[in-house]
Amino acid sequence: MFFRKTLLLCFLLSVPGCDFHRSDGTVSHDWGFMTRVHSNPDSGVRSRYVVYVPRNHKEVERLPVILFLNGFGENGTDGLRQISNNFGVDIWRKRDQFPFLAVCPQCSSEGGWNAGGTESTKTLAILDEAINEFGGDSDRVYLTGVSSGGYHVWTLANAHPDRFAAIVPISAGSSGSDVEKAASKSLPVWTFYNGGDQKSLVQSARASRELMFEAGLSPLVTEFDREGHNAWFAYDSPPLYSWLLRHRRSENVSTDRFHLWESHAVKDNWDMTGGGTWAAKSQYEIHWKGEAEEAAGLSICPEPWTTGEVHADAFLSKGEASHFRLLSQAAEQQTCEVVVALASEGVGGIRFGDGTHTEFDPVAQSRLRSGWNDVRISRNDGRLSVSLNGWPALDVADPFGESPVQWALSAGPGQTDSRWRYLRTIGSATQDSAE
């Protein structure tokens, strides 16, 4: 409570308007947190809200914008409680490096964020006011919220698809219809929740992820292995903000879709090699089990790619690693292998055919955990890159150049159990199969 009250006092005592004249002739301000009041033009009702403007922001710059919807516990009319927890606290911790214009309205005590209702109408008006006053970039507006606010991230984004470049619901379920609408609009999504939260919420979040996969999207989903409702410590994750900045509303128009491979299709249509046994464990999970210590196996996709991506959940545990291999179609048959393992099991990275290797970023690898992990490998623009649970782990010059490659699931010698699920691919040779 002491920290929270101190934080609120800091907001109350922040004084905007301190100008600094730079050597280039421009003027900047010592901005930070500020309070504002919105007046409803029809009813005259006044609503307090908070904005954060990056310190030393030049007025000639257009700022990326985050609109935050608070949870039920922060509802009220004081205009400050909405930033006394979660998102506001994390902005405060990052206040000298936070690059976004953050817009934080407050849901009234008796209200909800329902699309088309009084609160959502007020919220969009406040968003417009802040963008106009502080030079927000309307092409880079991101929507996030926690708990009840997180639930209505979906409804608000679907009611106003022309407003947002990406959404981040936290500790929230969603309706199937809202998820299907988001999928139809190619809206980038990253959701966070705890696996030990309310059973109905967890089931809803998991079902929503699968719906988006089946619609051809590949949303980021982080399910923390912990109890309780509080997953909003995700706001302290630097890759979240880097991910947001990669998206622009005007660029969310791609009609390309990921192909979600059912496990029996992998087993029946991919070239299976090695001394192990491949099995379709469920609709979207493929499993390899070695028959001997020296056994190794490959499951090679049928089509080559010149550019593309493979995304999958890889199961990690003590003593086990997951492998993805890239096989060149060139005469020299060059290969490389992406090895993903828990930090306690050694350093992962890419092993190249000439015996060299490049290690993952240690911070990204430290974010891997026992159980299922989101692994993404990309060949685009002459680069080969890997991300682990949303964290950029590696980016190198593509060793294959423009040569076609085939993706393969790879099980190394001595591994007795390897599991992958939700295998998704996209690339120059997958469009026919994805349709």
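Residues numbered from 1 in each chain as written. Predicted model: local features only at pLDDT ≥ 70, side-chain atom pairs only at ≥ 80, totals over all residues. Heavy atoms only, no water.

Draft legend 1. Main features of the pattern of salt bridges. Per the stated rule, a full pass over the model turns up 18 salt bridges. Where Lys-122 meets Glu-119, a salt bridge forms, and the shortest distance between an N and an O atom there is 2.9 Å. One end of the pair, Lys-122, and the other, Glu-119, are both in helix H3 (residues 118–134), three residues apart, so they sit about a helical turn from each other. Like Glu-119, Lys-122 is buried. For Arg-376, the salt bridge goes to Asp-374, with nearest N and O atoms at 2.8 Å. Salt bridges here are not isolated pairs; linked through shared partners, they connect Asp-137, Asp-139, Arg-140 and Arg-248. (Salt bridge = Lys/Arg side-chain N within 4 Å of Asp/Glu carboxyl O. Helix = DSSP H or I, 4+ residues; strand = E, 2+ residues; numbered from the N terminus. Buried < 20%, exposed > 50% of the residue type's maximum accessible area, 1.4 Å probe, protein only.)

Draft legend 2. Looking closely at the layout of surface pockets. Of the voids in this model, the largest pocket is the one considered here, and its volume is about 1200 Å³. What lines the largest pocket is a set of 38 residues, among which His-247, Phe-258, Glu-309, His-311 and Arg-376 lie closest to the centre. For the lining of the largest pocket, the elements supplying multiple residues, two or more each, are strand S16 (308–316), strand S21 (371–380), strand S22 (383–388), strand S23 (391–397) and strand S25 (418–427). The biggest single contributor to the lining of the largest pocket is S21, with four residues. (1 Å grid on protein atoms, 1.4 Å probe; cavity = no way out; pocket = protein on both sides within 12 Å on 5 of 7 lines; lining within 4 Å. Points joined across faces, edges and corners; volume = space filled by probe spheres on them.)

Draft legend 3. Summary view of unusual backbone geometry. Even without being glycine, Asn-86 reaches a positive phi, approximately 45°. Position of Asn-86 relative to the elements: it lies in the loop between strand S5 (63–69) and helix H2 (87–93). Relative accessible area serves as the criterion here: at 5%, Asn-86 is assigned to the buried category. Backbone geometry places Asn-389, a non-glycine residue, at a positive phi of 50°. Inspection of the secondary structure puts Asn-389 in the loop between S22 and S23.

Draft legend 4. How the structure looks around the packing of helix H4 (residues 148–159) against helix H5 (residues 176–184). Where H4 meets H5, the closest approach of the two axes is 9 Å, and the angle between their N-to-C directions is 50°. If you check the angle between H4 and H5, you find them oblique. When the axes of H4 and H5 are compared, the crossing they make is left-handed. Each of Trp-154, Thr-155 and Asn-158 in H4 lies in contact with H5, whose residues at this interface are Asp-178, Val-179, Lys-181 and Ala-182. In terms of residue class, the contact of H4 with H5 is built from three nonpolar, two polar and two charged. (Axes fitted to C-alpha atoms, helices over the stretch in contact; angles between N-to-C directions. Parallel < 35°, antiparallel > 145°, perpendicular 65-115°, else oblique. Left-handed = near helix turned anticlockwise from the far one by under 90°. Contact = heavy atoms within 4.5 Å. Nonpolar A, V, L, I, M, F, W, Y, C, P; charged D, E, K, R; others polar.)

Draft legend 5. Spatial organisation of the sheet that holds strand S19 (residues 349–352). With antiparallel pairing, the seven strands of this open sheet are ordered in space as S12-S15-S24-S17-S18-S19-S20. Unpaired on one side and paired on the other, strand S12 (271–274) and strand S20 (357–359) mark the two borders of the sheet. Direction aside, neighbouring strands of the sheet carry axes that sit 20° apart on average. Taken together, the seven bridges between strand S17 (residues 321–328) and strand S18 (residues 335–341) define a ladder with antiparallel strand orientation. Considered in S18, the bridge of Arg-325 is made with Glu-337. (Pairing = 2+ DSSP bridges.)

Draft legend 6. How the structure looks around the confidence of the model for the chain. Confidence along the chain averages 85 in pLDDT terms, with 89% of residues attaining 70 or more. Counted against residues more than four places away or in other chains, residues 11–28, with its pLDDT under 50, gives 32 contacts. In this model residues 430–435 is a low-confidence stretch, pLDDT under 50, and it forms nine contacts with partners more than four residues away in sequence or in other chains. (pLDDT = per-residue confidence, 0-100.)

Draft legend 7. Structural context of empty space enclosed by the protein. The full count for this structure, using the stated rule, is four cavities of 30 Å³ or more. Taken as a whole, the largest cavity encloses approximately 90 Å³ of empty space. In terms of lining residues, the largest cavity is bounded by 13 residues, among which Trp-154, Thr-191, Ala-205, Ser-208 and Arg-209 are the most central. Listed by contribution, the elements that provide at least two residues to the lining of the largest cavity are strand S9 (190–196) and helix H6 (199–214). Of the residues that constitute the lining of the largest cavity, the class distribution is eight nonpolar, four polar and one charged.

Draft legend 8. A look at H4. An ideal rise of 1.5 Å per residue puts 16 Å on twelve residues; H4 measures up with 17 Å between its terminal C-alpha atoms. Within H4, nine of the twelve residues are buried, which leaves it mostly tucked inside the rest of the structure. Taken together, the buried positions of H4 are Gly-149, Gly-150, His-152, Val-153, Trp-154, Thr-155, Leu-156, Ala-157 and Asn-158. (Expected span 1.5 Å × (residues − 1).)

Draft legend 9. Highlighting H6. Given a rise of 1.5 Å per residue, 16 residues ought to cover 22 Å, and the 23 Å separating the end C-alpha atoms of H6 matches this to within 8%. Taken as a whole, H6 has its buried residues at Leu-201, Val-202, Ser-204, Ala-205, Ser-208, Arg-209, Met-212 and Phe-213. Directly after H6, the chain includes Gly-216, whose backbone phi takes a positive value near 95°.

Draft legend 10. Structural detail: the nonpolar core. Counting 40 residues, the largest nonpolar core has Phe-324, Val-340 and Ile-377 as the members making the most contacts within it. Sequence-distant contacts of Val-340, defined by excluding residues within four places in its chain, comprise Leu-316, Ala-321, Ser-322, Phe-324, Phe-360, Leu-368, Val-375 and Leu-388. Counting 34 residues, the second largest nonpolar core, distinct from the first, contains Leu-63, Cys-107, Ile-126 and Val-153. (Core = buried A, V, L, I, M, F, W, Y, C linked by side-chain atoms within 4.5 Å.)

Draft legend 11. Region of the structure containing the packing of H5 against H6. At a minimum axis distance of 9 Å, the contact between H5 and H6 shows a crossing angle of 35°. By crossing handedness, the relation of H5 to H6 is classed as right-handed. Residue-level inspection shows Gly-176, Val-179, Glu-180, Ala-182 and Ala-183 of H5 in contact with H6, the latter providing Ser-208, Leu-211 and Met-212. Counted by class, the contact of H5 with H6 contains five nonpolar, two polar and one charged residues.

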